[in-house]
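Structure assessment
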Amino acid sequence: MTSKSVATALTLYRARTLTLEQAATVGGCSVAQLEESARAFAPTSGEAPADD
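A few points on the structure. (Residues numbered from 1 in each chain as written. Predicted model: local features only at pLDDT ≥ 70, side-chain atom pairs only at ≥ 80, totals over all residues. Heavy atoms only, no water.)

Description of the environment of V6
Applied cut-off: Helix and strand definitions follow DSSP, with helices as H or I runs of at least four residues and strands as E runs of at least two, each counted in order from the N terminus.
Among the secondary structure elements, V6 is positioned in helix 1 (residues 3-14). Along the backbone, V6 and S37 are 31 residues apart, and their C-alpha atoms lie at a distance of 7.5 Å.

What follows is the structure, encoded as structure tokens:
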């Protein structure tokens, strides 16, 4: 699992292009690892994007 593949998988998951399970497969990691990475890449409360 590389950070680039995980970042790509997270992007696709967040865009709702892939399910969490599919994104984990693309990222070459388990669902639990992808969820952990998602928390690490998540914006902090002060940096949360505005809802459209």
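Brief notes about helix 1
Stated precisely, the cut-off is as follows: Expected helix span is given by 1.5 Å per residue-to-residue step, counting one fewer step than there are residues. Accessible area is worked out with a 1.4 Å probe on protein chains only. A residue is then buried under 20% of its type maximum, exposed over 50%, and partly exposed in between. By arc we mean the arc of the directions from the helix axis to the C-beta atoms, nothing more.
Helix length check: helix 1, at twelve residues, gives a terminal C-alpha distance of 16 Å against a target of 16 Å (1.5 Å per residue), a fit within 8%. Where helix 1 is concerned, the buried positions are V6, A9 and L10. Considered in projection along helix 1, the buried side chains sweep an arc of 100 degrees and stay on one side of the axis. More than 90 degrees from the buried face of helix 1, the exposed residues found are K4 and T11. Of the residues flanking the end of helix 1, it is R16, one or two places downstream, whose phi is positive at about 60 degrees.

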